[in-house]
Structures are given as C-alpha cells and as structure tokens.
Protein chains: 2
Amino acid sequence: MSGENLRVVGTRVRKVDGVELVTGRAKFTGDMKFPGMAYGYAARASVPAARIKGIDTAAAEAEEGVLLVLKGGDIPGPNIIGILPPFDQPVLATEVIRYAGESFALVVAESPEAAKRGARVVKIDLEPLAPILTIDESLAEGARPIHPQGNVTYAKKLVKGDVEKGFTEADLVVEGTFETSHQEHGYIEPEAVCAVPSSDGRVTVYASCQSPFHLRGHIAANLGVGAASVRVVQAYTGGSFGGKDDVATEIGTLAAVAARRLDRPVMIAHEREESIIGSNLRHASRIAIATAAKKDGTIVARRIRILLDGGAYASESPFVTVKTLVHVAGPYRIPHLHVESTAVYTNKTYSGACRGFGVPQATFASESNIDELARRLGMDPLAIRLKNALKAGDANATGQVYQGSVGLVQTINAIEERRSRLAPLPRNDERWMYGRGVACLLQGISNGAEGVDVVGASVQVSQDGSALVSVGLADMGQGARTVCAQIASEVLGISLPMVTARQVDTDSVHDSGPTVASRTTTVGGQAVKLAATEVRESLVAMAARMFKVDESLVVLQNDFAMLSVDANARIPLRDVATAAYWTGYPLMNLAFSKAPDAVFDHETHQGNVYIAYNYGTHLFDIRVDKHTGRVEVLRHLACHDVGKVINPMGLEGQIEGGSLFGFGLAHMEEVLFRDGRIINANFADYALPSIKDRLPTEAMAVEDPNPTGPYGAKGVGEPPVAGAAAAFANAVADATGIRFRRLPITRQEILLALKAKPGEE
Amino acid sequence: MSGENLRVVGTRVRKVDGVELVTGRAKFTGDMKFPGMAYGYAARASVPAARIKGIDTAAAEAEEGVLLVLKGGDIPGPNIIGILPPFDQPVLATEVIRYAGESFALVVAESPEAAKRGARVVKIDLEPLAPILTIDESLAEGARPIHPQGNVTYAKKLVKGDVEKGFTEADLVVEGTFETSHQEHGYIEPEAVCAVPSSDGRVTVYASCQSPFHLRGHIAANLGVGAASVRVVQAYTGGSFGGKDDVATEIGTLAAVAARRLDRPVMIAHEREESIIGSNLRHASRIAIATAAKKDGTIVARRIRILLDGGAYASESPFVTVKTLVHVAGPYRIPHLHVESTAVYTNKTYSGACRGFGVPQATFASESNIDELARRLGMDPLAIRLKNALKAGDANATGQVYQGSVGLVQTINAIEERRSRLAPLPRNDERWMYGRGVACLLQGISNGAEGVDVVGASVQVSQDGSALVSVGLADMGQGARTVCAQIASEVLGISLPMVTARQVDTDSVHDSGPTVASRTTTVGGQAVKLAATEVRESLVAMAARMFKVDESLVVLQNDFAMLSVDANARIPLRDVATAAYWTGYPLMNLAFSKAPDAVFDHETHQGNVYIAYNYGTHLFDIRVDKHTGRVEVLRHLACHDVGKVINPMGLEGQIEGGSLFGFGLAHMEEVLFRDGRIINANFADYALPSIKDRLPTEAMAVEDPNPTGPYGAKGVGEPPVAGAAAAFANAVADATGIRFRRLPITRQEILLALKAKPGEE
C-alpha cells in the first residue's frame with residue numbers, strides 16, 4: 001500500500017465535480033432558494049475612523065419590504081467574530097468605526113433590492129477620527145491607539161546562532177528593503193451564506209466558506225446556544241484562498257441571528273464591492289533584509305525585519321506574523337539568523353489569510369535579495385541557491401532537521417536540467433528586453449505552529465459496494481473531494497465512479513479546524529486513509545471467509561475481492577459488502593488524524609514547527625516592451641517537491657493556479673486606497689489575471705516521500721504563489737536591469753522606471 | 001455507571017421534541033416546500049386481480065400541469081421493492097394486478113390537484129381474474145397461483161420435545177381456533193416523501209419512514225446508482241408502527257426517479273385512503289390451538305397451527321411467520337411443543353409489520369386458550385399463569401435458557417398484589433355485566449432471528465461542551481431521540497439541554513437496518529452509550545491533566561469536571577472540551593454495536609433466537625351494557641419487565657399507547673373488504689381509538705436488568721399491544737360468559753352474541 005502497485009493514487013483523474021462545475025449545473029449558495037427566504041444587506045461605514053454616536057434605523061425599518069434591522073446590540077451573544085485571540089472584531093460595529101466598509105447594521109427584507117434600499121437609509125451619527133493609514137503612522141510615537149491595547153497586533157522574533165558573529169565573518173553584505181501591497185483574493189464567487197432555521201430550534205447554515213467548524217462555533221456563541229444546535233454545511237465554493245473565513249463567520253452569524261428572529265431562511269450574498277471592502281485582504285508588507293555571505297556564495301547570516309500592515313482587526317495577523325518570521329530566510333542552510341516580524345493595526349480593511357499566508361511577501365523580499373547577492377558575486381542565480389540549499393539532515397531556520405522529504409535540490413536540478421536544454425534568450429532588440437529569473441521557496445505544510453492539526457474523516461461502504469467519503473476540510477475548488485475519493489478508492493479497491501465524496505457537514509465529522517495551510521491532502525487525506533483502512537479490514541476479513549483463505553491472500557481491486565495467487569478467483573465487492581453487513585462487520589468508520597505537535601521555543605522560534613515543507617524552484621523567461629512597459633511571459637517552469645503526486649491533473653491545476661496568483665501579486669494586482677477608502681473595489685478597476693493572462697506554466701514534480709502524509713504526499717495549494725511572484729520579479733530585474741523593490745511591478749511602474757533610468761538605451 | 005448513581009437515566013424527562021410537536025411547530029415531510037417542487041400521485045387498480053394488457057398514459061400526459069407519467073418500465077433499476085426475499089413486489093405493476101389499490105403509474109404534476117386529475121385518466125386495460133380473498137381459497141387444491149412460486153409465502157415449524165408424548169401424559173386437552181382481522185396502523189400522519197436532486201447527481205430523500213437505510217438501498221437500486229449517491233434524511237414522523245417501510249420504499253423510489261428525470265424536487269404525500277389501501281396491514285390470522293395439561297394446571301404440551309393472511313405480496317410475512325411461531329406458546333415452561341406457522345398470499349392489500357409483529361394475534365389465541373383451561377380446571381387465571389411462568393434458568397419455546405432478566409413472575413406478582421387491594425367487582429345488574437381478564441405475554445426484543453442486529457451511533461462534543469448525538473434508528477414518535485440524549489447525557493455529564501439528538505441521516509451513521517422489533521433503546525441505546533463512552537475518555541483524560549490527578553478521580557457531572565474527593569474542585573466542561581480539542585484528543589466517535597447472533601436450528605427453531613424478551617402481565621376490569629353491547633373499561637393494569645426504565649414518562653407513554661393499540665385491535669378496528677376492495681379506507685368508517693377511548697392504564701415496571709441492553713434496558717414499544725388485546729378478550733369472556741374467538745370483539749359482535757346466547761337474561 002505504501003507506494004507500490006498504486007492503481008488510483010498517482011493517476012490522472014478528473015475532478016469529481018469537474019463536469020458539474022464547468023457545465024454550470026453546480027448550485028452555489030447564492031443559487032439556493034428556500035420558501036419564505038429573506039435577504040440581508042449590511043449598512044457600512046464610508047469613513048475609515050470614527051466614534052459612533054448613534055445609529056438610527058427608523059427610516060430603514062419604514063422602507064417597504066424591510067422585515068428587520070439588526071444592530072450590534074441585537075446579537076444575543078458577545079457580538080464578536082475573529083478566528084484568533086485577541087478577538088477584537090465585532091460582528092456589527094457599535095462604538096467605533098475602524099475601517100471604511102465596516103458593517104454597523106444588517107437590514108433584512110423580502111428581496112435583496114429592498115434590503116439594499118433599507119441599508120442605504122440606516123443613519124449613523126459619527127464623530128470622525130484622524131485615520132491611521134500606513135505602517136509608519138501606526139507605529140509613530142504618540143499615535144492614536146486603534147485598539148485599547150495599542151497598534152501592534154503581534155510581534156515575534158526568530159533567533160538562530162549568533163547573527164553578529166555571522167556578519168563579522170562574512171565577506172560581503174547585501175541589503176535591501178522590499179514592499180508589497182494589499183492583494184484581493186479575487187475568487188470568482190463572492191461570499192454567501194444562507195441560514196435556515198428548523199422547528200427543533202437548530203439552524204442550518206449553508207455557506208461558501210473555508211472553515212465550517214469556525215463558522216459553527218461563532219454562530220453558536222453569538223446566538224448564545226450550544227454548537228450542537230448549529231449545523232454548517234459547506235456549499236459549493238467558488239474559491240476562497242483564505243478569504244472566506246472571518247467574513248463567513250460575520251455574515252453567517254448575522255444570517256443565523258436574523259433567521260432565528262424571523263423564523264425564516266435568511267440569505268446574505270455579497271456583491272463584488274462588499275467582497276473587496278468588507279473581507280480581509282492580503283497583508284501589505286515592508287521587509288528589510290541584510291544578507292551576509294562569503295565570496296563563494298555561502299550565506300552565513302541574515303538580519304531581517306518584517307512589518308505587516310494588518311488593517312483594522314487582528315484576523316489572522318498573529319499567524320501571518322509567525323509564518324513570515326519562519327519562512328523569510330528561505331529554504332537555505334544559514335547558521336545565523338535574526339528575524340523580527342511585527343503586524344500593526346491601521347484604519348483599513350483588515351488583512352488576514354491569503355493563499356501563501358505571508359510566504360509570498362517574504363519570498364519576494366528574500367529571493368530578490370539573494371538575486372542581488374548572486375549578481376554582486378557574479379554567480380549564476382541557480383548555482384548560488386543550490387550552494388545554500390537545505391538538504392535532508394540540515395537544520396532549517398527554526399533549527400528543525402528533517403531526515404527526508406527535503407527535495408529542494410532535486411527541484412533546482414530539474415529546473416537546471418530543463419534550462420540546459422533551452423536555447424539562449426534572444427538578445428535585446430529595438431523593442432524587447434529579454435530576461436530570466438529564478439526563485440526558490442519553501443512553505444510549511446499544515447497548521448504547525450498555528451494550531452492543533454486534527455482532522456476527522458468518515459468512510460461508509462454500503463451493501464452494494466459503493467463508498468461514501470467525508471472529511472472535515474472543505475473543498476473550495478482545490479479538488480479536495482477528488483483527492484479524498486482517490487485515496488478511499490485506492491484503499492478499498494472500489495472504482496472511483498462508485499466513490500462519492502461529500503462536502504463538509506459539521507454534524508457528521510470531527511471538528512477538523514480550518515481548511516488552510518495546504519493541509520487538506522496531507523492531514524485530511526491521512527484521515528481518509530485511516531478511515532478507509534478500517535473498513536477495508538472488514539471487507540478483507542469477510543472475503544477471506546468467503547474464499548476460505550487467509551486474509552493475507554485477499555486483494556481488493558476494481559470492485560472485486562480476489563486472490564493474490566489466482567486473479568480468476570474473484571467475488572464482486574458488492575457481494576462481499578452485503579455478506580459483511582449481514583455477518584455484522586462494521587462498514588463505516590470515523591477516523592481521527594492528528595499530526596505531530598509543533599514543539600518550539602516561543603522566544604526564539606527554534607524547534608519543530610511544521611510536519612513537512614513543500615520546496616520549489618521557479619523560472620520565468622520574459623520580455624519587456626521598452627516603449628510600453630508591457631511584459632510577455634515566454635516561459636514559466638515550476639517544480640515542487642510534493643512528496644507524492646496523488647492526482648497529476650490536480651497538481652498541475654494547483655501549480656498553474658497558484659503561479660497565476662503569484663503573477664497577479666507580482667505584476668498586476670493592488671488594492672488602491674484614497675483617504676482610507678478602497679477606490680478600485682470592482683474587477684474593472686482592480687486588475688486581476690484573466691484567462692488571457694494564463695501563464696505557459698510547465699509544472700514539474702519531485703516526489704521525496706513525506707512520512708507524515710498519505711502515500712508520502714505533501715500539500716501544494718499555496719507554495720507556487722511565492723515561487724512565481726519572486727521569480728517574476730527577478731526576471732524583470734534581469735530584463736530591465738532595474739531592481740524593483742515593490743510589488744506589484746506593473747507595466748506602468750516598469751515604464752516609469754525605464755524612463756527614469758539614467759543614460760540607458 | 002452500571003446502575004449506580006444514575007443522574008439522567010431513570011429520571012422523568014420530557015421528550016426532546018415534545019413541545020415542538022404539541023405546539024405544531026414541527027415540520028413534517030408534507031410541510032416541506034422546495035422551489036420548483038412537483039407532486040406525484042399514483043394511479044391505482046380498482047380490482048383485486050387482473051392481467052394488465054396495456055396502460056395508456058396519453059390522456060394523463062395531456063392534462064394541464066402534468067409533467068411526467070411514470071410506468072414500471074420507466075424505473076431504471078429492477079422495479080422491485082420489498083424488504084425481504086422473495087422480492088416479489090413491483091414499484092409499479094406492469095403485468096399483473098394483485099390487489100385493489102396497487103399502483104401502476106405515477107403522475108407528476110405542478111400541483112397535487114393536477115397530479116390527481118392526471119392519475120384519474122391514466123387508462124389501464126385489464127383482463128380480470130377471479131380474486132383469491134381468503135386463506136382457504138388461497139390454500140385450496142388447484143387454486144390459481146397468485147405468484148409463480150405458489151400461494152404459500154412462507155412456512156416454518158417449531159418442534160420441542162415430543163408433543164405426542166405430552167398429549168398422552170396430560171389429564172385434559174383444551175382446544176380452540178381463533179381468528180383476527182386485518183388492522184390498519186392508523187398513524188396520525190400518512191406516508192410522505194420528498195426527493196430533492198442535487199447538482200452533483202445525488203438525491204436527498206426526506207421521508208416519513210421507519211427504515212431510512214432500506215429506503216436508501218431500494219432507491220439506489222431502482223435508480224441504478226450506488227447507495228452512496230442517495231441520502232435519506234428521516235423527517236419528523238407522525239407514527240409508523242411498522243407501516244412506513246415497504247410503502248416508503250415504494251414512494252421514495254418513485255419520487256427519486258421522478259426527481260432525477262425532471263431535475264426538480266418531487267413530493268409524494270399520501271392521503272388517508274391511499275395510506276390504508278396502498279400500504280401494508282396487520283396480518284389477519286387463524287390459529288388453532290390444543291393445550292394439554294395436568295389437573296394441577298401444569299401445561300405439558302401444545303399443538304398449534306398458525307395461518308396468516310399476508311395479502312398480495314410477501315413484505316415481512318416471512319419474519320411474521322417466524323415471530324408468531326416462536327411466540328404463540330406464550331411465556332411458559334412447556335416441555336413439548338409442535339407449532340406450524342404459514343403465511344399465504346391473497347388478492348388483498350399486502351400485510352407486513354404492524355406493532356407487535358404477529359405477537360398480538362398469537363397472544364390473543366394463546367391466552368384465550370389458557371383462560372379456557374383455567375376455567376375448565378376452576379383455577380384462578382393469574383395462578384395458572386404463575387404456575388407455568390418462565391423463570392431464569394427455564395428453557396423457553398425455542399429451548400433458550402436465560403440466566404437473568406426473565407421478570408415475568410415479578411409482573412404477575414405485581415398485578416396480583418395490586419389486584420389483592422382492589423374491591424371486588426360489582427355484581428351484574430339489570431344493565432351491566434362485570435368482568436375481569438388477565439393475560440401474560442412475552443415479546444422478543446430486537447431483530448434476533450429476523451436479521452443481523454447492528455446499529456451505528458455517533459457522539460460529537462464541541463469545544464463549548466455541547467453534544468450532538470446521532471443514531472441509525474429512526475424516531476417515529478416513540479421517543480428514541482430522547483432516550484439517546486439521556487444516555488449520552490448520563491455518560492458525558494453534559495446536561496440534557498446541551499445535548500442535541502438528531503434524526504437519522506444515512507450519510508452520517510452506519511447502516512443500522514430497520515427501526516423495528518422494539519430494538520431502538522436496547523441496541524441503539526447501547527451504540528450511543530459506546531460512542532459516548534469513548535468521547536468521555538478524552539474528556540476525563542484532559543480533565544485529569546488539568547487537575548493534575550489520576551483519571552480515576554475525575555467525575556463528569558452537570559456540565560463540570562470535578563474531583564470525586566472534592567466537589568468544590570470543578571472545571572466547566574466547556575473549558576475541558578476546548579482544552580481537549582486543542583490538545584488533540586478526539587471528541588467525536590462513531591460506535592458500532594452488534595447484538596449477539598441468533599443461533600438456532602432452522603428446521604425446529606430450537607436455539608438462541610432473541611437477545612432478550614420483554615415479559616408482561618395485563619389486567620382489564622370492564623363492564624358490558626347488556627342492552628347495547630357497549631363496553632366500559634373500568635381499570636387497566638399493565639406491568640412489564642423492561643430491564644431498566646430509561647425514562648419513566650416515555651415508558652408510560654409506550655405502555656399506554658401500545659395498550660390502546662391492542663385495545664383497538666381487540667375491540668374496534670377491522671379493515672373491511674367487499675369483493676376484494678377495502679370499503680372503509682377512511683377514519684369515518686374505520687373505527688380507531690380516539691382520545692376519548694384512552695384507557696385508564698396504570699403502567700408498572702419491573703426492572704430485571706438485561707445484560708445486553710444499556711443500563712440493563714429492554715424495549716417496550718410493541719409488547720403492550722399483545723397484553724392488552726388478550727386481557728381485554730378474556731375480560732369480555734368473563735363479563736359475558738361468552739368466549740369470543742375472533743377479533744375485533746366489537747360492540748355489535750357482543751350484542752349479536754348476547755342475543756343469540758341461549759336461555760340467559
């Protein structure tokens with residue numbers, strides 16, 4: 001079972017919901033209709049900072065079709081959302097407005113239009129405050145505290161070796177400060193929930209969300225009931241990328257409160273503008289790096305300071321702080337490190353989880369700096385990375401040593417091998433400047449330092465030999481259900497068409513925490529494998545009785561039980577399952593999988609932080625139009641060590657999609673603010689990669705088996721973002737000879753820089 | 001945990017859904033509305049026997065609002081329902097009509113009215129056959145076979161000892177032949193299902209049913225898909241009593257097929273007439289008994305022949321055949337038995353499971369015969385029963401010996417003790433004749449010989465210390481959810497308001513078979529206890545760590561973990577649960593409970609057949625109006641050995657309800673046929689006990705712990721039916737001096753008999 005003779009795992013499999021999704025049959029939350037359904041729409045602040053003197057809902061209540069207007073005080077529970085301490089975010093603001101777009105009332109009406117009309121006439125009496133809009137303003141001496149505890153959301157340090165000594169020993173130091181802007185998740189489906197009360201006092205919430213169990217906990221707490229009274233069902237979700245967590249708890253709570261008040265189903269479906277202004281963004285960052293190296297390219301020390309703009313509320317800032325802290329030194333063997341990472345509050349839409357979770361920002365800064373080091377030393381950019389690359393047995397930034405599944409060198413070699421077969425880039429000409437950039441990265445898989453890593457999964461085989469698989473982590477489009485179905489199919493010998501993988505239903509599986517950190521395949525898949533293995537034991541035992549042989553001779557394959565010694569001796573699995581049921585063998589199992597605990601020093605962040613890392617190397621060949629700044633991507637190579645490929649087609653999709661996400665971050669996307677208000681909260685003004693921008697990605701995989709994942713697998717959902725963004729930036733530098741120190745490097749930025757470049761062409 | 005210091009189990013608890021049900025808030029299947037819902041109505045045969053020459057749906061299809069007309073050939077799968085072999089029943093008849101009321105087409109339309117209009121104009125071309133309407137006609141030489149295999153549905157024998165020898169040794173023999181008529185279940189809510197297709201190709205069926213897993217299996221088979229593609233959710237169910245099994249599979253299949261064809265939700269909700277003519281009845285029976293006894297009242301042998309009228313299809317006739325076979329000798333120590341039990345086909349609405357499952361018919365016959373024996377010997381009717389009563393260590397009819405939980409003698413003694421304190425019945429006067437009747441009974445608990453006895457249950461504790469409980473057996477009004485919630489509450493120390501018990505969702509628990517045979521508390525409760533116990537271990541382990549004590553010192557009680565040695569040392573369970581979650585203890589468990597197998601000789605039915613029996617004794621005091629035949633019940637005592645009372649209020653409800661069911665069978669209810677058609681298929685003409693007929697039942701319990709049930713419990717849903725019916729019949733005999741040998745003994749029958757009685761008053 002451990003890698004040999006796999007029949008389903010490792011094969012190209014169409015997503016179980018692929019046809020349904022591309023044919024438009026799939027019903028998303030916003031498509032749902034329930035008799036008597038009412039619609040919620042939030043009234044939002046239009047200023048970034050103010051004290052609330054009063055909220056007047058009379059005009060809204062008088063609006064035709066309006067059924068109910070909720071204010072913060074109407075929430076039976078604590079009126080708090082937010083996944084993590086310090087739990088600083090109200091569902092509806094009652095005393096202070098901390099960002100432009102913050103909700104302070106929910107209008108519920110017979111139609112979405114009436115709700116929206118009502119929301120427009122909720123009056124709020126505000127005493128404006130001077131907004132704090134930048135990291136510097138936030139940290140300035142005497143700055144107004146955005147929250148009572150001050151403006152630093154979270155600050156952590158990583159200390160490894162003796163960084164002073166490292167700098168003393170070095171031959172040269174390369175320094176630079178890098179910035180990234182806020183990025184919008186840009187999922188195709190904005191957030192939506194629908195809360196349906198039932199006569200037994202429970203409420204079922206259908207949600208386009210990422211973490212159904214978070215949602216359940218918050219809704220129950222804010223309703224003032226036990227979590228057992230709330231059921232969350234994951235709906236088809238058109239992307240999340242970290243974005244449908246806090247906001248889903250916000251609208252899920254509001255819909256549930258309204259549903260119970262009205263005893264009617266209540267839908268809240270965001271429009272695009274609400275989705276952008278009213279849900280978390282990617283953290284903007286400023287990262288100052290100094291790298292000390294030997295002449296031969298050996299990196300001996302890095303000193304790094306990370307500042308993250310977390311916006312108005314903590315959201316996942318604490319974890320992003322830690323993740324950048326641990327990742328910013330890169331996938332290298334560096335004896336001396338001193339890293340500080342600090343997230344601050346500002347009066348802007350809050351930042352939180354966004355595909356990559358701080359690693360793209362950190363990797364851009366780190367890999368730009370490494371590239372500059374290579375240039376200073378005249379070294380090949382791949383060679384310098386190979387020289388410092390982490391290998392099995394090396395201590396990484398947190399001092400953790402893996403004895404295996406550290407496939408970085410293989411990814412570099414694979415890119416190098418591919419590069420060696422490429423024709424050289426053309427010389428620059430009248431119009432085009434050609435460039436090549438590479439970058440390496442690592443990304444910790446699973447929660448690790450960010451929380452306990454438990455997942456529940458169930459597998460149920462029916463008497464007809466079909467299997468139903470359920471896991472506590474959501475499929476948000478990433479293909480989780482397909483991977484889980486494959487694993488169950490592999491273990492049970494049941495063909496894929498006979499395996500049905502469900503979305504999450506919180507009633508049915510163990511609280512599995514959030515669907516984040518590229519952990520679904522690794523930890524979720526492991527739970528499915530465990531659950532299926534127990535059911536398999538029943539089927540094997542029954543088949544052995546039917547064959548009258550020892551269990552060791554039974555093979556389950558292609559919907560048959562057969563003998564390993566005689567493939568003609570076969571019994572349909574449906575007959576085995578029926579016999580097993582009537583003989584009293586259990587055919588359903590609920591497994592609980594727990595990853596090894598993260599154990600580390602919280603002062604220095606030295607210790608074991610993640611159960612595994614994904615490693616990768618990216619390469620971009622581009623050309624830049626001198627006259628317009630336009631960039632054309634000629635080639636994109638991306639190679640990741642994923643431990644084991646469960647579904648090659650899924651892997652390619654994740655690498656292509658993640659890379660395009662990183663490309664957007666690096667080249668196109670920026671949430672623009674004016675006076676603290678987002679001014680491009682729509683997809684006409686916010687430039688997002690479209691199908692036309694699809695990269696010519698060549699996805700490659702290295703399989704260095706991860707002992708903590710099913711069949712050796714590691715997640716790959718997030719890592720390509722960082723690799724693509726960093727490699728793209730290096731390619732632009734190579735093409736233009738200009739080091740851009742801020743993302744996005746838009747066509748306009750390139751053009752401005754080219755024009756400003758002294759004395760060239 | 002085993003009976004000591006119970007805090008929730010054994011206490012009077014309101015049904016968890018009690019308020020919801022009595023206030024009318026609870027939504028039943030027929031109350032459900034889904035957007036785009038269509039409605040199905042069946043076209044039914046009006047003759048009891050015919051060959052189908054053709055079915056013409058054109059006129060129905062042309063009817064306004066009609067969307068679809070299904071015939072049997074439109075069912076993708078085998079067009080077969082029926083829970084058991086020989087699987088002889090079509091979903092829609094295609095070749096032969098075997099009973100008046102059989103469905104041959106389903107019309108689906110925009111409204112129930114349009115569907116009904118459509119159904120009226122489906123044309124069927126029939127070649128009539130001479131109907132076979134009685135047991136005698138069915139078994140007559142050369143009778144037309146209703147099914148290819150003949151007219152005997154099932155026939156079994158029980159042989160214990162040497163019955164000839166027994167009769168030789170006896171001092172006297174008392175013989176009699178007894179009959180019972182068909183009974184309608186008469187649940188308050190007729191059958192209803194609603195099938196909702198989803199875009200992933202699955203279909204969810206909400207059903208008022210009894211055996212959600214049967215439903216799932218049949219729907220999947222008839223759709224030609226794997227069972228994993230079908231989800232059945234038990235809806236609030238307004239009674240079932242054995243009646244919502246086959247018919248639910250019939251309409252569930254039809255609704256699902258139509259829903260997938262139309263890609264719309266389809267509701268089929270029966271009207272009362274359809275419920276009576278189109279779903280199974282209780283078997284009518286004819287039972288001939290000869291009992292051989294000694295002068296002192298010791299029964300030495302019984303020879304019994306049971307004939308059951310099973311109607312047009314097998315349904316559960318095979319199991320009812322076996323159940324009557326095993327039970328008809330009564331709860332007595334009888335060395336020699338020869339019993340034959342045979343079910344036959346007739347051209348009438350099929351018979352199947354009905355509360356008591358053949359035991360009421362058998363008990364009426366047996367206990368009437370025992371009463372006649374007592375009268376012949378001049379013995380007190382309780383005394384003769386006590387003399388022969390089974391005790392621990394005795395071999396019962398199947399030769400099975402229980403070492404405990406045989407509480408019959410205690411129930412007789414309890415009734416005797418109560419009787420001894422009663423004033424004597426008044427003497428007969430001008431108007432009233434007074435009488436007292438008693439009866440004893442036993443009823444096998446759980447599937448036993450009828451199938452494998454497996455149940456799945458899940459218990460999930462959330463971080464807030466609330467618990468969600470789920471079991472694979474349905475709550476049809478009997479209070480199953482309440483019992484399961486109590487057991488989980490007891491095990492976990494979580495207060496009842498924080499425990500939510502769900503209805504069955506086939507996606508979430510192990511296939512638990514049918515909700516029958518009074519097995520929910522016994523086998524289902526055991527599964528809940530197992531599941532909760534594992535979660536408890538996590539909570540205790542976590543609490544012990546928090547207290548820094550050994551686990552043996554931790555007590556979970558009233559939503560707190562506390563120390564057994566210091567009740568002031570307490571931590572809220574919500575804190576323990578949160579810590580346990582974050583520490584990585586599993587807080588959900590899916591348990592699988594399997595009762596000991598039935599092991600017996602299928603030729604003689606000697607062996608271990610049931611995991612336990614419920615034993616009981618009933619007493620009726622009545623008076624009969626000489627002039628009108630009207631019966632007034634003055635007193636009804638009912639004492640059952642239930643092993644352990646989980647919820648006294650629930651127990652009383654079951655004993656009162658079951659007794660009234662038996663009273664209806666004995667005194668009021670009869671499905672009347674004319675030319676093979678039911679002529680009283682409504683509650684104006686079919687006399688059913690109403691709230692006015694409520695018996696003055698005094699429910700009593702004996703607790704002789706059953707080692708195979710949770711806390712020693714045994715089921716009690718069915719047993720009172722038999723006890724009440726038999727005791728009532730004996731009371732009428734005592735009052736009138738006339739032995740009525742057929743149920744129901746209606747007021748009219750009594751009056752006719754009194755008039756015919758030679759030479760008395």
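Residues numbered from 1 in each chain as written. Chains lettered and ligands numbered in written order. Predicted model: local features only at pLDDT ≥ 70, side-chain atom pairs only at ≥ 80, totals over all residues. Heavy atoms only, no water.

## With respect to the pattern of salt bridges
Definition in use: Criterion for a salt bridge: a side-chain nitrogen of Lys or Arg within 4 Å of a carboxyl oxygen of Asp or Glu. Under the scheme used here, helices are H or I runs from DSSP no shorter than 4 residues and strands are E runs no shorter than 2 residues, and both carry numbers assigned from the N terminus.
Evaluated as defined, the whole model comprises 82 salt bridges over all chains. Of the charged contacts in the structure, one is a salt bridge between A:Glu164 and A:Arg303, with a shortest N-O distance of 3.0 Å. In this pair, A:Glu164 is assigned in helix 5 (residues 163-169) and A:Arg303 in strand 17 (residues 299-309), connecting sequence segments 139 residues apart. A:Arg630 is the salt-bridge partner of A:Glu632, the closest N and O atoms lying 3.0 Å from each other. The network of salt bridges with shared partners includes A:Arg202, A:Arg231, A:Arg502, A:Asp505, A:Asp507, B:Arg202, B:Arg231, B:Arg502, B:Asp505 and B:Asp507.

## Topic: the relation of the copies chain B and chain A
Rules: When the copies are superposed, the least-squares fit takes in the C-alpha atoms of residues with a pLDDT of at least 70 in both. Residue contacts are counted whenever heavy atoms from the two residues lie within 4.5 Å of one another.
It takes a turn of 180 degrees to lay chain B on chain A, together with a shift of 0.0 Å along the axis; the resulting RMSD is 0.0 Å. Taken together, these values place the two copies in the relation of a two-fold axis. Interface overlap between copies is the fraction of interface residues in one copy that are interface residues in the other; for chain B against chain A it reaches 100%, indicating a shared surface.

## So, the state of the cysteines
What counts here: Throughout, a disulfide means two cysteine sulfur atoms within 2.5 Å of one another. Exposure categories follow from relative accessible area, calculated using a 1.4 Å probe and restricted to protein chains: below 20% of the type maximum is buried, above 50% is exposed, and the middle band is partly exposed.
For the structure on display, the rule yields zero disulfides over all chains. No disulfide involves A:Cys194; its sulfur sits 13 Å from the nearest other cysteine sulfur, which is in A:Cys209. Taking the relative accessible area as the measure of exposure, A:Cys194 reaches 0% and is therefore buried. Not part of a disulfide, B:Cys354 finds its nearest cysteine sulfur in B:Cys209, a span of 17 Å. A relative accessible area of 2% places B:Cys354 in the buried class.

## Looking at the sheet that holds strand 24 (residues 554-557) of chain B
Residue and element names in this part refer to chain B. For clarity, the cut-off: Strands are labelled as partners when DSSP assigns at least two bridges between them. All axes here are fitted lines through C-alpha atoms, helices being fitted over the stretch that makes contact, and every angle between N-to-C directions spans 0 to 180 degrees.
Strand order across the open sheet formed by three strands is 24-25-26, with antiparallel pairing between neighbours. Looking along the sheet, the strands with just one partner apiece sit at the ends: strand 24 and strand 26 (566-572). Pairs of neighbouring strands in the sheet enclose a mean axial angle of 35 degrees, with direction left out of account. Alignment of strand 24 against strand 25 (residues 560-563), held across four bridges, turns out to be antiparallel. The partner of glutamine 557 across the bridge, within strand 25, is phenylalanine 560. Strands strand 24, strand 25 and strand 26 of the sheet are contacted by helix 14 (residues 520-547), whose axis makes an angle of about 120 degrees with strand 24.

## Observations regarding helix 7 (residues 246-262) of chain B
Residues and elements named next belong to chain B. Defined as follows: A helix is expected to span 1.5 Å multiplied by its residue count minus one.
Spanning 17 residues, helix 7 covers 24 Å between terminal C-alpha atoms, matching the ideal 24 Å at 1.5 Å per step. Of all 17 residues that make up helix 7, 14 are buried, and the element is covered over most of its length. Of the residues flanking the end of helix 7, it is aspartate 263, one or two places downstream, whose phi is positive at about 55 degrees.

## Some details on the environment of A:Gly650
Residue and element names in this part refer to chain A. Turning to its location among the elements, glycine 650 is positioned in helix 16 (residues 648-668). Glycine 650 sits in the partly exposed class, given a relative accessible area of 30%. Linking glycine 650 and glycine 479, residues 171 residues apart in sequence, is a C-alpha distance of 6.7 Å.

## Observations regarding the sheet that holds strand 20 (residues 432-445) of chain A
All names here are of chain A. Across the sheet, four strands lie side by side as 20-30-31-34; this open sheet has mixed pairing. The sheet terminates laterally at strand 20 and strand 34 (697-702), the two strands that pair on one side only. When strand polarity is set aside, the average angle formed by the axes of neighbouring strands in this sheet is 15 degrees. Across six bridges, strand 31 (residues 631-641) lies against strand 34 in parallel orientation. Looking across to strand 34, one finds that alanine 638 is bridged to alanine 699.

## Some points on the interface of chain B and chain A
For clarity, the cut-off: Here the quantity called buried area is the total loss of accessible area, with a 1.4 Å probe, experienced by two parts when brought into contact, counted for both. Under the rule applied, a polar contact is a pair of N or O atoms within 3.5 Å (in protein, one hydrogen donor and one hydrogen acceptor; residues adjacent in sequence only if both atoms are side-chain atoms). By the convention adopted, Pro, Cys, Tyr, Trp, Phe, Met, Ile, Leu, Val and Ala count as nonpolar, Lys, Arg, Asp and Glu as charged, and the other residues, Gly among them, as polar.
If you look at the interface, chain B gives 57 residues, while chain A gives 57 residues. At the boundary of chain B with chain A, total buried surface from both sides reaches about 4,100 Å², with 52% on carbon and sulfur atoms. Contact with chain A buries surface across chain B, with B:Ser199, B:Tyr581 and B:Met588 losing the most and accounting together for 15% of the total. Between chain B and chain A we count four salt bridges in total. Close ionic contact of B:Asp263 with A:Arg25 constitutes a salt bridge, the shortest N to O distance being 3.4 Å. Our count for the chain B to chain A interface comes out at 31 residue pairs in polar contact (both at pLDDT 80 or more). Taken together, the elements giving at least two residues each to the side of chain B that touches chain A come down to helix 6 (212-223), strand 21 (454-461), strand 22 (467-471), helix 15 (573-583) and strand 27 (588-594) of chain B. Sort the elements by how many residues they give to the side of chain B that touches chain A and strand 27 of chain B lands first, with five residues. Partitioned by chemical class, the residues of the side of chain B that touches chain A number 22 nonpolar, 18 polar and 17 charged.

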